Amino acid sequence: MDFSNENDTITQRVCAMNKRVDKIRQSDLYYYNQPISELRGGARVVVKGREMGMYASYSYLGLVGHPRINEAAQQAIAKYGTGTHGVRLLAGTLTIHTELEETIAEFKKTEAAITYTSGYATNLSVISTLLGRGDYVICDKLNHASIVDGCLMSGAKFLRFRHNDMQALEKRLQQLPVNATKLVIADSVFSMDGDIIDFPKLVELCQNYKAWLMIDEAHSLGVLGSTGRGIEEYFGLEGTIDINMGTLSKTIPSVGGYVAGRKELIEYLRHASRAYIFSAALPPAQAAAAKTSFDVILDEPWRIEKLNANTKQFISGLQERGFNTLHTETAIVPVICGSDESAYVMTREAQHRDTFVLPVVSPAVPPGLARLRATITAAHEPDEIERAMEVIELAGKVAGVI
Ligand SMILES: *Cc1c(COP(=O)(O)O)cnc(C)c1O
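Report follows, based on the coordinates. Being a predicted model, the structure only gives us computed values, none of them experimental.

1. A word on the overall build of the protein
Counting its regular elements, the protein contains 15 helices and 14 strands. For 402 residues, the compact-globule estimate of 2.2 N^0.38 gives 21 Å, and the protein sits close to it at 22 Å. Counting only C-alpha atoms and orienting by the principal axes, one finds that the protein spans roughly 55 × 55 × 50 Å. Out of the 402 residues belonging to the protein, those deemed buried represent 56%. Across the protein, contacts joining residues at least 24 apart in sequence account for 70% of those joining residues at least 6 apart. Of the roughly 18200 Å² of accessible surface on the protein, 52% is carried by carbon and sulfur atoms. In the protein, 41 positive and 47 negative side-chain charges are present, and the distance between their average locations comes to 4 Å.

2. Digging into the pairing of strand β2 (residues 44-47)
Bridge count for strand β1 (residues 36-40) against β2 is four bridges, and the pairing is antiparallel. Bridging from a neighbouring strand, E38 pairs with V46 of β2. Count of turn residues in the β1/β2 antiparallel hairpin: three residues, of which G41 carries a positive phi of about 75 degrees. With four bridges connecting them, β2 and strand β3 (residues 50-54) associate as antiparallel partners. Residue pairing across strands places R44 opposite G53, the latter belonging to β3. Between β2 and β3, which follow one another and run antiparallel, lie two residues, and K48 among them has a positive phi close to 45 degrees.

3. Quick word on the pairing of strand β10 (residues 257-261)
Most of β10 is tucked away, with five of its five residues classed as buried. Where burial is concerned, the two faces of β10 agree: the one with G257, V259 and G261 and the one with Y258 and A260 are both buried. In this sheet, β10 lies alongside strand β4 (residues 112-116) in antiparallel orientation, the contact comprising five bridges. For A112, the partnering residue across the bridge sits in β10 and is G261. Both strand β9 (residues 243-247) and β10 contribute to a ladder of four bridges, which runs antiparallel. Directly across from G246, in β10, lies its bridge partner Y258.

4. Description of the sheet that holds strand β12 (residues 355-356)
If you walk across this open sheet you meet the four strands as β1-β2-β3-β12, and the pairing is mixed. Whereas interior strands pair on both sides, the edge strands pair on one side only; in this sheet they are β1 and β12. Examined bridge by bridge, β3 and β12 share two bridges and lie parallel to one another. By the bridge assignment, M54 is partnered in β12 with F356.

Parameters at a glance
- Residues numbered from 1 in each chain as written.
- Predicted model: local features only at pLDDT ≥ 70, side-chain atom pairs only at ≥ 80, totals over all residues.
- Heavy atoms only, no water.
- Helix = DSSP H or I, 4+ residues; strand = E, 2+ residues; numbered from the N terminus.
- Rg over C-alpha atoms; globule rule 2.2 N^0.38 Å.
- Buried < 20%, exposed > 50% of the residue type's maximum accessible area, 1.4 Å probe, protein only.
- Contact = heavy atoms within 4.5 Å.
- Areas by Shrake-Rupley, 256 points an atom, 1.4 Å probe, with all protein chains shown as cover.
- Lys, Arg positive; Asp, Glu negative; His and termini not counted.
- Charge placed at Lys NZ, Arg CZ, Asp CG, Glu CD.
- Pairing = 2+ DSSP bridges.

Structure (structure tokens):
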């Protein structure tokens, strides 16, 4: 088969996307999929031999390349090798997996935890395992794609409410049968906007309407709360989330996802969730790196303080320069550009000046709200941040955004 039959829908999809990409490439506006040859501590990278300031990384605490974490990964390779050659339920569970899960449970102050090989697979598998036909799942409109996919796969009735609007959520809950099983899911920090969910009100509504509560902490683990434990610590509402989901690929410099919660829940998922039963276990080096990362977060609390200071400097500096950064309060800082074209031009201008930022365009965000999705980490220094903001300002002027 080739792509010559214009009536074939696979051909239509493939050609439409490739045409869009080609057009952007031809105008020197394509900066996705760039190979990075060196990661220099999270704040800088090398691309095509040039060192650039990194403002698109999720290594919020700057832990990538941390000597203790690298050492733990190397020791795990020496001890176990590189692969697990089995699924967790059968021959794939190593002592390092059990240690990692105990560490996560302790860090999140829950009874137990389970890990999967990606955050995406965690959401897909956990949501679709817990819910089925006849149940209801209620999501914030800006929830991550992996949550949306899990909800669709579950077969439950899928309802959404206006972003971070607790009145809209309450309306939804009021419409549902009192005795129906309901699961409310939200990101703690929204991955494209950087704002924080109205957690106290969310918890109150779930309690009042007897709904289960699941929170995706991909962008709050290590970021929110005085010791980085996440959104419950940030609001002083420990023990209120039923299903604590997170990833090991952002603040934690590894790969994988987890769910922490009551031991009955975790026991069930170990015997029912398909990503755990039918997909190979996390490689030992990644499990060991993840485990040690939680220890490092607790041992080096200055990283959270520095991230908070850098975040403040970055957000207020961009706002003072006239940029719209929506309602972000965290390390994810949307720099609104408007049209997709403006976002591409701003990216090009910034990248030409050794500042690594990337555009997010529709359909990932609504049309007209294309943006640079800039991120800041604890690895950046104040003078570097100042310089990056000067570049972004210049790029914004070239693109006509400010
Ligand atoms: C990145 C992300 C995920 C997926 O995690 P991976 O470990 O990268 O698969 C899930 N939820 C949210 C909110 C994310 O930002």
